[in-house]
Amino acid sequence: MVVGDVTTGTDVLVIGAGPAGYVAAIRAGQLDLDVTLVEKEAYGGTCLNHGCIPSKALITASDLAHEAGSAEEMGIHADPAVDLAKMVDWKDGVVDQLTGGVEKLCKANGVNLLEGTATFEDDQTVRVSHSGEGQGSESLSFEHAIVATGSRPIEIPNFDFGDDPVLNSRQALALDSVPDSLVVVGAGYIGMELASVFAKLGTDVTVIEMLDSILPGYDDDLKRPVKQRATDLGIEFEFGYTASEWHDNGDTIRVVADPAEQAAADGGQAEAVEAESLELDAEKVLVAVGREPVSDTLALESAGVETDDRGFIDTDSRARTNVEQIFAVGDVAGEPMLAHKGSMEGQVAAEVIAGEPAAIDYQAMPAVVFTDPEIATVGMTESEAEDAGFETTVGKFPFRASGRALTTGESDGFVKIVADDAEGYVLGASIVGPEASELIAELGLAIELGATLEDVAATVHTHPTLSESVMEAAENALGHAIHTLNR
Ligand SMILES: Cc1cc2nc3c(=O)[nH]c(=O)nc-3n(C[C@H](O)[C@H](O)[C@H](O)COP(=O)(O)OP(=O)(O)OC[C@H]3O[C@@H](n4cnc5c(N)ncnc54)[C@H](O)[C@@H]3O)c2cc1C
């Protein structure tokens, strides 16, 4: 407490206005709680300003440029010129529209908005510091707090995001000219999405990955079409290396990568890769090796809130931390670090505070990689279902047998459904192919509703659509798919 300070109070204090925090605040407002949302930078958080939305905008624009320039088979001859500064302006316009919408929605739901950086003074008070000279700070007491401070990109030794040629994803999404060449460090989803964007805009891209494949955690059959398409786009891969340093080379930089101690894909024994160090010349280097929670800047210890050894705040199935009145949601509360997971947790936290019987359920949590083609998953994989004790039955439908996929020119990939053999309940699904991000929603709903393969197969799907592939995969599991051979 600062001498002469006046402390104001709120029922629910939400710290951070990303998709976890602003959704929690709006839901709390809908439930007639007195709610204050504190944000230090921009409404919408990483997702709207520097993550999901800007990356998807540039993915769409780079797809358009690339497709227009490679549609000769369809009789289209074009050589699109790319003005990245204009493209980024357009992307920024989309972002502004959405962030402005968030602010309006918060106000319309009675949320008090406060700009500043919150740190805990104790388990019932925060200090909010306002940026700018002479702006000072204020003390705010709360009945309940929801921490939604998100995550930030991880830096690696010798690659400082403050140095011009070294980029994190946020900086890569704000470039105003297309680099001639780019080294991407990390083949996770952010690295792979941005590698594809720049390759489609004409950049020579090389991806360095310490493991032996792209997209750790995804099944090989899902990754195969993505790796193939990336290779077709000219993206080069160096697996089993870690970037160790970079030097200024005059017009370009030289990125040095050393052989990594590479864990076997099955998580088994580590084996040393016998190789020399690599030297790669490029205009820029994008470091995309993962994200870490923003929990170290909150003085959580003053409130007694505990984190795990990676800095994620420990929570229970109702989003509650070890301190009764303090909740944590979104990236800061752990994996999977996805916007829709944070929003769901934010709604649960608000409802629990309002006394409703809400709880978090990750069973039908989808995840999407917006590569080319897209990968989408929901529920259990076949091996997870078997590990959980289910006898499984699996149905698969390849997009090359889909009339609609062929008419879009995108027919790589498949829909795969995993169901319980005894009753036919849908347990999980994975899709790699066109519009996988949209198609997965039907299967998430199926899991949520406890639908069976029969339910999905008996639902009439519009022809010709990609969604027929979902129905056909269910029919295939039942042994009566029409447009593919049944196993
Ligand atoms: C390039 C990229 C692409 C992505 N694409 C996708 C995607 O396609 N789909 C998907 O689901 N997810 C995607 N993500 C992940 C997604 O952005 C995050 O999961 C999501 O933003 C997490 O939401 P959050 O509300 O927990 O945190 P954030 O969105 O990080 O918001 C946290 C907010 O808290 C504020 N804050 C932090 N500390 C304080 C403080 N002390 N006081 C006040 N305010 C504070 C921050 O300024 C920020 O606005 C992507 C991320 C990146 C980087």
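Residues numbered from 1 in each chain as written. Predicted model: local features only at pLDDT ≥ 70, side-chain atom pairs only at ≥ 80, totals over all residues. Heavy atoms only, no water.

**Side note on helix α14 (residues 468–478)**
Now for step 1: Here α14 lies mainly inside the structure; 10 of its 11 residues are buried.
Now for step 2: Taken together, the buried positions of α14 are Glu468, Ser469, Val470, Met471, Glu472, Ala473, Ala474, Glu475, Asn476 and Ala477.
Now for step 3: Those residues of α14 that are buried lie in contact with β22 (392–398), β23 (414–420), α12 (436–449) and α13 (453–458).
Now for step 4: Of the residues flanking the end of α14, it is Gly479, one or two places downstream, whose phi is positive at about 85°. (Buried < 20%, exposed > 50% of the residue type's maximum accessible area, 1.4 Å probe, protein only. Helix = DSSP H or I, 4+ residues; strand = E, 2+ residues; numbered from the N terminus. Contact = heavy atoms within 4.5 Å.)

**Notes on the domain arrangement of the protein chain**
Now for step 1: Partitioning the protein chain into domains gives domain 1 (7–153 + 292–353), domain 2 (166–289) and domain 3 (367–478).
Now for step 2: On a C-alpha basis, the centres of domain 1 and domain 3 stand 31 Å from each other.
Now for step 3: Taken together, the five residues of domain 1 in the interface contact five residues of domain 3.
Now for step 4: Summed over both partners, the interface of domain 1 with domain 3 buries about 380 Å², with 65% contributed by carbon and sulfur atoms.
Now for step 5: At the junction of domain 1 and domain 3, the tally comes to zero salt bridges. (Domains from an automatic or database assignment. Buried area = accessible area lost by both parts, 1.4 Å probe. Salt bridge = Lys/Arg side-chain N within 4 Å of Asp/Glu carboxyl O.)

**Digging into the site of the ligand**
Now for step 1: Around the ligand sit 38 residues in total, of which Glu39, Thr46, Lys56, Asp331 and Ala339 are the nearest.
Now for step 2: In the model, an oxygen atom of the ligand is placed 2.7 Å from a nitrogen or oxygen of the Thr46 side chain.
Now for step 3: A distance of 3.0 Å separates a nitrogen atom of the ligand from a polar backbone atom of Ala118.
Now for step 4: Look at the ligand: alone it shows 1,000 Å² of surface, and the protein chains cover 96% of it.
Now for step 5: Of all elements in the fold, only β2 (35–39), α2 (45–50), α3 (52–69), β4 (117–122), α6 (189–200) and α9 (339–353) reach the threshold of two or more residues within the shell around the ligand.
Now for step 6: For the shell around the ligand, the leading source of residues is α2, giving four residues. (Near = heavy atom within 4 Å. Polar contact = N/O pair within 3.5 Å; in protein donor to acceptor, adjacent residues only side chain to side chain. Areas by Shrake-Rupley, 256 points an atom, 1.4 Å probe, with all protein chains shown as cover.)

**Considerations on the pairing of β22**
Now for step 1: With six of seven residues buried, β22 is to be regarded as a mostly interior element.
Now for step 2: Here β22 pairs with β23 via seven bridges, running antiparallel. From the neighbouring strand, Pro398 faces β23, where its bridge partner is Phe414. (Pairing = 2+ DSSP bridges.)

**Observations concerning the packing of aromatic side chains**
Each aromatic ring pair is characterised by the separation of its centres together with the angle its planes make.
Now for step 1: Taken as a whole and judged by the stated rule, the model has two aromatic pairs.
Now for step 2: Ring geometry for Phe120 against Phe142: centres 6.0 Å apart, planes inclined by 80°, an arrangement best described as edge-to-face. A residue pair is termed long-range when its members are at least 10 positions apart, and Phe120 in strand β4 and Phe142 in strand β6 (residues 137–147) qualify at 22 residues. You'll find Phe120 and Phe142 in the same group, each marked buried.
Now for step 3: Pairing Phe237 with Phe239 gives two aromatic rings, centres 5.5 Å apart and planes at 5°, and the pair type is stacked.
Now for step 4: Phe239 gets classed as partly exposed once you look at its relative accessible area, which sits at 23%.
Now for step 5: Just above the ring of Phe414 sits the side chain of Lys396; from NZ or CZ to the centre is 4.1 Å. (Phe/Tyr/Trp six-rings, centres within 6.5 Å; stacked < 30°, edge-to-face > 60°. Lys NZ or Arg CZ within 6 Å of the ring centre and 35° of its normal.)

**Quick notes on the pattern of salt bridges**
Now for step 1: Following the criterion strictly, the structure yields 23 salt bridges and no others.
Now for step 2: Glu41 is the salt-bridge partner of Lys40, the closest N and O atoms lying 4.0 Å from each other.
Now for step 3: On the basis of relative accessible area, Lys40 is assigned to the exposed category, the value being 55%.
Now for step 4: The class for Glu41 is partly exposed, based on a relative accessible area of 47%.
Now for step 5: Taken together, the shared-partner salt bridges in this structure form one network comprising Asp63, Lys200, Arg229, Asp372, Glu410 and Asp412.

**Remarks on the sheet that holds strand β16 (residues 278–282)**
Whenever strands of a sheet pair, they do so through backbone hydrogen bonds, lying parallel or antiparallel.
Now for step 1: Strand order in this open sheet of three strands is β12-β13-β16, and the pairing throughout is antiparallel. In the strand order of this sheet, the two ends are held by β12 (241–248) and β16, each with one partner. When the angles between neighbouring strand axes are averaged without regard to direction, this sheet yields 25°.
Now for step 2: Both strand β13 (residues 253–259) and β16 contribute to a ladder of five bridges, which runs antiparallel. For Arg254, the partnering residue across the bridge sits in β16 and is Asp281. (Axes fitted to C-alpha atoms, helices over the stretch in contact; angles between N-to-C directions.)

**Some thoughts on the packing of helix α1 (residues 21–30) against α9**
Now for step 1: Between α1 and α9, whose axes approach to 7 Å, the crossing angle comes to 35°. The crossing of α1 and α9 is right-handed. Across the interface between the two elements, Val23, Ala24, Arg27 and Ala28 from α1 touch Ser343, Gly346, Gln347, Ala350 and Glu351 from α9.
Now for step 2: Of the residues contributing to the contact of α1 with α9, the split by class is four nonpolar, three polar and two charged. (Left-handed = near helix turned anticlockwise from the far one by under 90°. Nonpolar A, V, L, I, M, F, W, Y, C, P; charged D, E, K, R; others polar.)

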